[in-house]
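Chain by chain, the residues run as shown.
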2 protein chains.
Amino acid sequence: MKLSAGVEWAVHCCVVLSQAARPVPAARLADLHGVSRSYLAKHLQALAKAEIVRPVEGRDGGYVLTRPAAEISVHDVVRAVDGPEPAFRCTEIRQQGELAAPPEQCRTPCGVARVMADAERAWRRSLAGTSIADLAAGFDTSRITELVGDVPGGAAAG
Amino acid sequence: MKLSAGVEWAVHCCVVLSQAARPVPAARLADLHGVSRSYLAKHLQALAKAEIVRPVEGRDGGYVLTRPAAEISVHDVVRAVDGPEPAFRCTEIRQQGELAAPPEQCRTPCGVARVMADAERAWRRSLAGTSIADLAAGFDTSRITELVGDVPGGAAAG
C-alpha cells in the first residue's frame, strides 16, 4: 500500500496557505518547499478540483484556501490528491474457479471486502479527525508568515 | 492508495486452508479460485516467508496453515503479501526549500507524518481485529471441505 508522494506536498502547501495573508503563486509554493514546480502544479490542480484551494487571477494572483483551515481535514487533502478509489478492490474471487459461489449467495459484499472496507473507513476517519488548522498549530507559523508576506507581486496563479 | 491484488487471493487461500483436512497444493489453490498459478505461487511464498503457511513436501504435499485460523489475523496476511512499509513515506519536506526548519526543530516526527502514521495504525488495528477463522465463518465452508477433500494425491507442494 502506498500513498502518492503528492499527499505530503499538498498537505504542507495547505498549511502554508492557511497562514498566508494573500494568494501564493504555485511556483512560490514549490520554492518554499524545495519541490518540483511542474509536479506541484499538478497537485494544486487536484486540490482546486476538490475545491480546497482556488486560483486567484491577476497581478497579485496565486492560490488561496476556499474555506477556513479548521474546516479542511487532512482526509479532504488526501482524497483530493490520491483519489477516492478504495485501496482494496474486490475482484469477486468468491465467484471464480471451482469454488465459485452461486450468484444468489453473492448479493451482499464478500466478507473479505467488508473487512477491508471497515479498515479503510477507520483510516479515513482518523485522517478526518485532524484539520489543516490543527497541523498548522504544530508548525513554526511565524516563519511561514514572514516568507509568505514576501510574495512577489505580478506572479501568475497556477 | 492501492493494495496489492494478491491480498485478496491470499486471504481467500487462507480461508480455504483453514478448512482443509490435508495439505493443498499451490496449483489446486489457484484452480479453486480461478486465478493464475504462477502469480498465486508468489503470494503463497510470501505467506510462507511470514510463517502463516508452510509447504509440506511429498506425495500428498501442499500448503497448510502454521497455526489455528483464529490466531491468524487479516492484518498478518495483508502485511505478508503487501509488505510492512508504511503507506505514507515522509520525505522531510519541512527541512527543504526556503521554509526549511533547522535540524534542532526536527528531532521529533513532522506533524504531517504523525497524522498519517496514526491513521495507518487505525487501519492496521482494524485489520488485526478479524481472524481467518472469523472470515471462514461467513463462507459456505461445506463447499470448501467438499472440494478440498478432493485434493489429488501426488501433487507437489509450492
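Within each chain, residue numbers correspond to sequence positions counted from 1 in written order. Written order decides the labels, with chains lettered from A and ligands numbered from 1. Local features in a predicted model are, by the rule used here, given only for residues with pLDDT of at least 70; side-chain atom pairs are given and counted only at 80 or more, and totals for whole chains, interfaces and linings are based on all residues. Water and hydrogen atoms were dropped before computing side-chain values, which therefore reflect all heavy atoms in the structure.

### Things to note about the relation of the copies chain B and chain A
Piece 1. After a rotation of 180 degrees and a shift along the axis of 0.0 Å, chain B superposes on chain A with an RMSD of 0.1 Å. Such a combination of turn and shift is consistent with a two-fold rotation axis. Identified as the residue of chain B closest to the rotation axis by C-alpha distance is B:Trp123, at 2.5 Å.
Piece 2. Only heavy atoms enter the contact rule, under which two residues are in contact if any of them lie within 4.5 Å. A share of 100% of interface residues in chain B that are also interface residues in chain A marks the association as one of identical surfaces. When the copies are superposed, the least-squares fit takes in the C-alpha atoms of residues with a pLDDT of at least 70 in both.

### Things to note about the interface of chain B and chain A
Piece 1. Taken residue by residue, the interface counts 53 residues in chain B and 53 residues in chain A.
Piece 2. Buried area is understood as the total, over both parts, of accessible area removed when two parts are fitted together, assessed with a 1.4 Å probe. Across the chain B/chain A interface, buried area totals approximately 4600 Å², and carbon plus sulfur atoms make up 66% of it.
Piece 3. For chain B, the biggest contributors to the area lost against chain A are B:Met1, B:Glu98 and B:Leu99; these three give 20% of the whole.
Piece 4. Salt bridges are counted wherever a side-chain nitrogen of Lys or Arg sits within 4 Å of a carboxyl oxygen of Asp or Glu. At the boundary of chain B and chain A, one finds two salt bridges.
Piece 5. A salt bridge links A:Glu98 to B:Arg28, with the nearest nitrogen and oxygen atoms 2.9 Å apart.
Piece 6. Pairs of N or O atoms are called polar contacts if they sit within 3.5 Å, as long as, within protein, a hydrogen donor faces a hydrogen acceptor (for residues adjacent in sequence, only side-chain-to-side-chain pairs). Where chain B packs against chain A, one counts 20 residue pairs in polar contact (both at pLDDT 80 or more).
Piece 7. Per the convention used, a helix needs a DSSP run of H or I reaching at least four residues, while a strand needs a run of E reaching at least two, with both numbered from the N terminus. At the level of secondary structure, the elements contributing two or more residues to the side of chain B that touches chain A comprise helix 1 (6-19), helix 2 (26-33), helix 4 (74-82), helix 5 (111-128) and helix 7 (141-148) of chain B.
Piece 8. Per element, the largest residue contribution to the side of chain B that touches chain A is 11 residues, and it comes from helix 5 of chain B.
Piece 9. The class makeup of the residues in the side of chain B that touches chain A is 29 nonpolar, 10 polar and 14 charged. Lys, Arg, Asp and Glu make up the charged group, whereas Ala, Val, Leu, Ile, Met, Phe, Trp, Tyr, Cys and Pro make up the nonpolar group; the residues left over, Gly among them, are polar.

### Here's the deal with the packing of aromatic side chains
To describe a pair of aromatic rings, one takes the distance between the centres and the angle between the planes.
All names here are of chain A.
Piece 1. Centres within 6.5 Å are what make two rings of Phe, Tyr or Trp a pair, Trp counting through its six-membered ring; a difference in plane orientation under 30 degrees is then read as stacked, over 60 as edge-to-face, and the rest as tilted. Evaluation of the coordinates by the stated rule reveals two aromatic pairs over all chains.
Piece 2. Both rings, one in Trp9 and one in Tyr39, keep their centres 4.8 Å apart while their planes meet at 75 degrees; by these two values the pair is edge-to-face. With a gap of 30 residues between them, Trp9 in helix 1 (residues 6-19) and Tyr39 in helix 3 (residues 37-49) connect regions that are remote in the sequence.
Piece 3. Accessibility here uses a 1.4 Å probe with only protein chains present; expressed as a share of the type maximum, an area under 20% marks a residue as buried, one over 50% as exposed, and anything in between as partly exposed. A relative accessible area of 12% means that Trp9 is categorised as buried.
Piece 4. Note on Tyr39: relative accessible area 33%, which makes it partly exposed.

Read these as layout, nothing more, since geometry by itself doesn't imply function.
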